[in-house]
Amino acid sequence: MKKSVHLNERQPVRSVPVEAKMDTSVTFNPEQIGIVNKAVALAEELVSNYYKMSASQWLHRRYDIKTLIKLAPDEVVEGPFAQIVRYEGRHPDRALGSSTYDLYKICLQDHAILAALNQKPNLQLLPFVLYIVTHELIHIVRFSRFLQYFDAAPDERLAEEKRVHVKTHEILEPCRVPGLGEVLEFYNEWRIPYDDMKGY
Ligand SMILES: [Zn+2]
């Protein structure tokens, strides 16, 4: 996989007030990783059902989800709970330049997620990560369907951010996941962008 040129970087937008510099060495423990994996599997199922994508249409190999321990230094941000980094993927068996595709990496920011859980004791890890990953997957589906450009102007990004929050609510509202109501309420309160996107 080759990184393409750096296209843009949005200023991180804080959704949780940060009093002190965040400690980016705080990572999920093994038990928390297990919970994150469950949330990711559920988010994938919900988003693929919502967009009526079959297993073969689903975006396998078009995205990756990583937690902090697997992130490169420039994939770590302070403030946002996640960011999407776009890479240029290339099929190894084909001639140079003939077949590239976008590969999106959802970079979960363990330190920011855990800090939010500390500040808001009514939030639980599973429904919180479920919201975050569902939200990011909706972004990626919309990029891959050209409903939104990755490199959109800031105004348009903000509008898209609101649309994606609305869709996230729509998908998650009928779900019977303990603690999800509190998360949806949290995002009603904090109905502002919380993720960050970079293109390489
Ligand atoms: Zn977003």
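Remember, it's a predicted structure, so these values are computed and weren't measured experimentally. (Residues numbered from 1 in each chain as written. Predicted model: local features only at pLDDT ≥ 70, side-chain atom pairs only at ≥ 80, totals over all residues.)

**Describing the overall build of the chain**
In step 1: The helix and strand inventory of the chain stands at five helices and four strands.
In step 2: Going residue by residue from the N terminus, the α and β elements of the chain occur as α-β-β-β-α-α-α-α-β.
In step 3: Among the 200 residues that make up the chain, the fraction classed as buried is 31%.
In step 4: Here the analysis covers contacts within the chain between residues at least 6 apart in sequence; of these, 83% occur between residues at least 24 apart. (Helix = DSSP H or I, 4+ residues; strand = E, 2+ residues; numbered from the N terminus. Buried ≥ 20, exposed ≤ 12 C-beta atoms within 10 Å, placed from the backbone. Contact = placed C-beta atoms within 7 Å.)

**Brief notes about the environment of Ser99**
In step 1: Checked against the element boundaries, Ser99 lands in the loop between strand S2 (82-90) and strand S3 (100-108).
In step 2: Separated by ten residues in the primary sequence, Ser99 and Gly89 have C-alpha atoms spaced 8.5 Å apart.

**Some thoughts on the confidence of the model for the chain**
In step 1: This prediction gives the chain a mean pLDDT of 83; 80% of its residues lie at or above 70.
In step 2: Every residue in residues 1-19 is under pLDDT 50, and counting partners more than four places away or in other chains gives 40 contacts. (pLDDT = per-residue confidence, 0-100.)

**Comments concerning helix H1 (residues 30-50)**
In step 1: Helix length check: H1, at 21 residues, gives a terminal C-alpha distance of 30 Å against a target of 30 Å (1.5 Å per residue), a fit within 8%.
In step 2: Taken together, the buried positions of H1 are Val36, Ala39, Val40, Ala43, Leu46 and Val47. In an axial view of H1, the angular spread of the buried residues amounts to 135°, which keeps them on one side of the axis. Of the exposed residues in H1, the ones pointing more than 90 degrees away from its buried face are Pro30, Glu31, Gly34, Ala41, Glu45 and Asn49.
In step 3: On its buried face, H1 sits against strand S1 (63-66), helix H3 (125-144) and helix H4 (154-172).
In step 4: Trailing H1 by a residue or two, Lys52 shows a phi angle of about 50°, which is positive. (Expected span 1.5 Å × (residues − 1). Arc of directions from axis to C-beta.)

**Details of the pairing of S3**
In step 1: Relative to S3, S1 is paired through four bridges, and the arrangement is parallel. Bridging from a neighbouring strand, Tyr63 pairs with Tyr104 of S3.
In step 2: Looking at chain direction, S2 and S3 are connected through nine bridges and run antiparallel. In the strand pairing of S3, Tyr87 is matched with Leu103. (Pairing = 2+ DSSP bridges.)

**Quick notes on the packing of H3 against H4**
In step 1: Running from amino to carboxyl end, H3 crosses H4 at an angle of 120°, the nearest separation of the two axes being 9 Å. Between H3 and H4, the crossing angle belongs to the class labelled oblique. You can see that H3 and H4 cross each other, and the crossing is right-handed. Across the interface between the two elements, Tyr131, Thr134, His135, Ile138 and His139 of H3 pack against Val164, His165, Lys167, Thr168, Ile171 and Leu172 of H4.
In step 2: Residue composition of the contact of H3 with H4, by class: five nonpolar, five polar and one charged. (Axes fitted to C-alpha atoms, helices over the stretch in contact; angles between N-to-C directions. Parallel < 35°, antiparallel > 145°, perpendicular 65-115°, else oblique. Left-handed = near helix turned anticlockwise from the far one by under 90°. Nonpolar A, V, L, I, M, F, W, Y, C, P; charged D, E, K, R; others polar.)

**Let's talk about unusual backbone geometry**
In step 1: Its identity as a non-glycine residue notwithstanding, Lys52 has a phi of 50°, on the positive side.
In step 2: Checked against the element boundaries, Lys52 lands in the loop between H1 and S1.
In step 3: Classification of Lys52 as exposed rests on a count of 7 C-beta atoms within 10 Å.

**Considering the packing of H1 against H3**
Any two packed helices are characterised by the angle at which their axes cross and by the distance between the axes.
In step 1: Relative orientation of the contacting elements H1 and H3 amounts to 45°, with a least axis distance of 8 Å. Here H1 is positioned oblique relative to H3, judged by the angle of their axes. Crossing geometry of H1 relative to H3 is assigned as right-handed. Residues Gln32, Ile35, Val36, Lys38, Ala39, Val40, Leu42, Ala43, Glu44, Leu46 and Val47 of H1 form the contact with H3, whose participating residues are Leu125, Leu126, Val129, Leu130, Val133, Thr134, Leu137, Ile138 and Val141.
In step 2: Looking at the contact of H1 with H3 residue by residue, the classes come out as 16 nonpolar, two polar and two charged.

**Brief notes about the nonpolar core**
In step 1: Ala43, Ile106, Val129 and Val133 are the most contacted members of the largest nonpolar core, which has 37 residues in total.
In step 2: Going through the elements one at a time, H1, S1, S2, S3, helix H2 (110-119), H3 and H4 are the ones with two or more residues in this core.
In step 3: Counting residues per element, this core draws most heavily on H3, at eleven residues.
In step 4: Excluding anything up to four places from it in sequence, Ala43 contacts Leu130, Val133, Thr134 and Leu137. (Core = buried A, V, L, I, M, F, W, Y, C linked by C-beta atoms within 7 Å.)

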